Amino acid sequence: MELSLEQKFQDKIDRDERIEPRDWMPDSYRKTLVRQISQHAHSELVGMLPEGNWISRAPSLRRKLGLMAKVQDEAGHGLYLYSAAETLGVERDTMFDQLHTGKAKYSSIFNYPTLTWADIGAIGWLVDGAAIMNQVPLCRCSYGPYARAMVRVCKEESFHQRQGFEIMLTLCNGTPEQKAMAQDALNRWWWPSLMMFGPNDAESPNTKQSMAWNIKRFTNDELRQRFVDMSVPQAALLGINIPDADLKLDEETGKYSFGEINWDEFWQVVKGHGPCNKDRLAARVKAHEDGAWVREAAMAYAEKQEQKKLNTIAVKTA
Amino acid sequence: MNKNLPLYEIFIRSKNGLHHKHVGSLHASDAQNAIMNARDVYTRRQEGISIWVIESKDITASNPEDSDAFYAPAEDKVYRHPTFYDLPDEVKHM
């Protein structure tokens, strides 16, 4: 019996093989990936903004160099991901348009403001920590170009988390005021970081299909749990407190139970009503528009060079 | 005018003695700019010592849907492999 294209595709996935750009794939698989990869790329680009806010005010040259390198990495990660998405047939400018018109989403965490220097530490430690938790399993995603992009991203991301934790550690070993600043940053970033894993499994209708396609390897709640279990001892090492009265170690499982996430806040920010949604989008649009003349000039130059070359050939052959 | 700059595929040689290897793609106005952008995007941590760029539209690729038939002729040619030939165990260094 001849297997249908869908069956052949699913068999390949079940054998844990990779799908490459020119292979046949169901439209819904392609659409899911385009949405996920482009959202991921947008998150990397918008993620530069909260941290860029502190480059000119970093407390030392060492911190400034580290932060600049990190922000530059985020731009690079965005580019790896956009190029992975393009292999699925979506144009770069289409994705930019979707971001700039608010049609496409990006990670809600970047709609929170960076009020103090400690926020840069908390972002590296928690936000990049949560991102790593999400991204490591994506290195085994069934779509080849996405998985390969994630391998590069994960390699670079570990430096991000370490520089963040070092900032936190320095503050926590500093004056009482500095330690209070670190505590305040943890208070503000903890819950939004837990929200980065997305809705509870029961509220996440796409998870099942994404797991059947080997795009996702673990559910939102599984990854969130791992993140909590990893972060609690780290906070203890810093000597600051996670702002959750319900946080408790289950002696039997070795896992922490934790309080209910404020899902109203989560959906408010997703829908565009977070503290910085408008600022972030405006900054992105401005950067894109301000760069337009550079792209146009580079293109005009390239065309002129091309014409010159053709003219020289014409003269020689005349 | 197309708003997208042309797309280039990027190949990097990580060190002398190794092949250039495909690492991804990027947009640039021309090949020279593609090399400069590739330096910034793909070699921020000394990942390479040589970069090749080629416009994506200039690549011709085999069709994955034909791959069964396309590669089938090699399947029954086991005599192209050294293990096809029976030699006694006493023969050394072969």
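Residues numbered from 1 in each chain as written. Chains lettered and ligands numbered in written order. Predicted model: local features only at pLDDT ≥ 70, side-chain atom pairs only at ≥ 80, totals over all residues. Heavy atoms only, no water.

Bringing the overall build of chain B into the picture now. Each helix and strand in chain B was counted, giving 2 helices and 3 strands. Along chain B, from the amino end to the carboxyl end, the secondary structure elements read β-β-α-β-α. Its C-alpha radius of gyration of 21 Å places chain B more than 25% over the 12 Å reference for a compact globule of 94 residues. In chain B, which comprises 94 residues, the share counted as buried stands at 26%. Within chain B, contacts between residues at least 6 apart in sequence are counted, and of these 43% link residues at least 24 apart. Approximately 7300 Å² of chain B is accessible, and the part contributed by carbon and sulfur atoms is 55%. With 11 positive and 14 negative side-chain charges, chain B shows a separation of 11 Å between the mean positions of the two kinds. (Helix = DSSP H or I, 4+ residues; strand = E, 2+ residues; numbered from the N terminus. Rg over C-alpha atoms; globule rule 2.2 N^0.38 Å. Buried < 20%, exposed > 50% of the residue type's maximum accessible area, 1.4 Å probe, protein only. Contact = heavy atoms within 4.5 Å. Areas by Shrake-Rupley, 256 points an atom, 1.4 Å probe, with all protein chains shown as cover. Lys, Arg positive; Asp, Glu negative; His and termini not counted. Charge placed at Lys NZ, Arg CZ, Asp CG, Glu CD.)

Residue and element names in this part refer to chain B. Strand order in the open sheet made by the 3 strands is β2-β1-β3, with antiparallel pairing throughout. Every interior strand has two partners, whereas the edge strands, β2 (20–27) and β3 (50–55), have only one. Neighbouring strand axes in the sheet, compared pairwise and without regard to direction, differ in orientation by 25 degrees on average. Across 6 bridges, strand β1 (residues 7–13) lies against β3 in antiparallel orientation. (Pairing = 2+ DSSP bridges. Axes fitted to C-alpha atoms, helices over the stretch in contact; angles between N-to-C directions.)

Before going further, it helps to examine the packing of aromatic side chains. All names here are of chain A. Tallying each qualifying case throughout the model produces 15 aromatic pairs over all chains. An angle of 85 degrees between the planes, with centres 5.5 Å apart, marks the rings of tyrosine 29 and tryptophan 213 as edge-to-face. With tyrosine 29 in helix α2 (residues 27–52) and tryptophan 213 in the loop between α8 (207–212) and α9 (220–238), this pair connects stretches of sequence that are 184 residues apart. On the basis of relative accessible area, tyrosine 29 is assigned to the buried category, the value being 0%. Centre to centre, the rings of phenylalanine 266 and tryptophan 267 are 4.9 Å apart; their planes meet at 75 degrees, and the pair counts as edge-to-face. Classification of tryptophan 267 by relative accessible area gives partly exposed; the value is 37%. Here a set of aromatic residues connected by ring pairs shows up, and it is made of Phe9, Trp24, Tyr29 and Trp213. In this structure, arginine 57 is placed above the aromatic ring of tryptophan 54, and the distance from its NZ or CZ to the ring centre is 4.1 Å. Its guanidinium or amino end placed over the ring of phenylalanine 218, arginine 226 lies 4.1 Å from that ring's centre, counting from NZ or CZ. (Phe/Tyr/Trp six-rings, centres within 6.5 Å; stacked < 30°, edge-to-face > 60°. Lys NZ or Arg CZ within 6 Å of the ring centre and 35° of its normal.)

For a regular strand, side-chain orientation follows a simple rule: the groups alternate between the two sheet faces. All names here are of chain B. In the sheet, β1 pairs with β2 via 7 bridges, with the strands oriented antiparallel. Along β2, the bridge assignment pairs phenylalanine 11 with histidine 22. Counting the residues that bridge the hairpin from β1 to β2 gives 6 residues, and of these glycine 17 lies at a positive phi of roughly 100 degrees.

Its location among the elements puts A:Gln163 in helix α6 (residues 144–172). Every residue in contact with A:Gln163, bar those within four places of it in the chain, is listed here: A:Lys70, A:Ile120 and A:Gly124.

Let us look at the interface of chain B and chain A. Taken together, the contact pairs 22 residues of chain B with 23 residues of chain A. Note on chain B versus chain A: buried area summed over both sides is about 1900 Å², and carbon and sulfur give 48% of it. By the criterion of area lost to chain A, the three top residues of chain B are B:Asn4, B:Arg44 and B:Arg45, representing 27% of everything that side buries. Seen at the junction of chain B and chain A, the total is 4 salt bridges. Measuring nitrogen to oxygen at the nearest pair gives 2.4 Å for the salt bridge that ties B:Arg45 to A:Asp73. The interface formed by chain B and chain A holds 11 residue pairs in polar contact (both at pLDDT 80 or more) in total. For the side of chain B that touches chain A, a count of residues per class yields 9 nonpolar, 7 polar and 6 charged. (Buried area = accessible area lost by both parts, 1.4 Å probe. Salt bridge = Lys/Arg side-chain N within 4 Å of Asp/Glu carboxyl O. Polar contact = N/O pair within 3.5 Å; in protein donor to acceptor, adjacent residues only side chain to side chain. Nonpolar A, V, L, I, M, F, W, Y, C, P; charged D, E, K, R; others polar.)

Together, B:Val78, B:Tyr79, B:Phe84 and B:Tyr85 make up an exposed nonpolar region whose accessible area comes to about 410 Å². Here B:Tyr79 is to be found in the segment after α2 (67–71). (Patch = residues over 30% accessible without salt bridge, like charges linked within 9 Å, V, L, I, M, F, W, Y side chains within 5 Å.)

Turning our eyes to something else, we now look at the packing of α6(A) against helix α7 (residues 176–195) of chain A. Residue and element names in this part refer to chain A. Remark: α6 packs on α7, axes separated minimally by 7 Å, with the N-to-C direction vectors making an angle of 140 degrees. Considered as vectors, α6 and α7 are oriented oblique to each other. Where α6 approaches α7, its residues Met168, Leu171 and Cys172 are matched on the opposing element by Gln178, Lys179, Met181 and Ala182. By residue class, the composition of the contact of α6 with α7 is 5 nonpolar, 1 polar and 1 charged. (Parallel < 35°, antiparallel > 145°, perpendicular 65-115°, else oblique.)

With that settled, the discussion passes to the nonpolar core. All names here are of chain A. Of all hydrophobic cores here, the largest spans 90 residues; its most connected members are Tyr29, Ile37, Trp125, Tyr143, Tyr146, Trp189 and Trp190. With 12 residues, the single largest contributor to this core is helix α5 (residues 117–138). Aside from chain neighbours lying at most four places away, what touches tryptophan 189 is Ile109, Tyr112, Pro113, Thr114, Asp119, Ala122, Ile123, Leu126 and Val127. (Core = buried A, V, L, I, M, F, W, Y, C linked by side-chain atoms within 4.5 Å.)

Next up on the list: the packing of α2(A) against helix α3 (residues 61–86) of chain A. Residue and element names in this part refer to chain A. Relative orientation of the contacting elements α2 and α3 amounts to 165 degrees, with a least axis distance of 8 Å. What the angle tells us is that α2 and α3 run roughly antiparallel. Handedness of the α2/α3 crossing: left-handed. Along the contact surface, α2 presents Ile37, His40, Ala41, His42, Glu44, Leu45, Met48, Glu51 and Gly52, while α3 presents Leu67, Lys70, Val71, Glu74, Ala75, His77, Gly78, Leu81, Tyr82, Ala84 and Ala85. A class-by-class count of the residues in the contact of α2 with α3 yields 11 nonpolar, 5 polar and 4 charged. (Left-handed = near helix turned anticlockwise from the far one by under 90°.)

This part takes up the pattern of salt bridges. Taken as a whole and assessed by the stated rule, the structure comprises 24 salt bridges over all chains. Within this structure, A:Glu51, A:Lys70, A:Glu74 and A:Asp128 form a network of salt bridges that share partners.

Checked against the element boundaries, A:Gln209 lands in helix α8. When the C-alpha atoms of A:Gln209 and A:Tyr29 are compared, they prove to be 9.2 Å apart, with 180 residues separating the residues in sequence.

Function-wise, these values are silent; they only describe arrangement.
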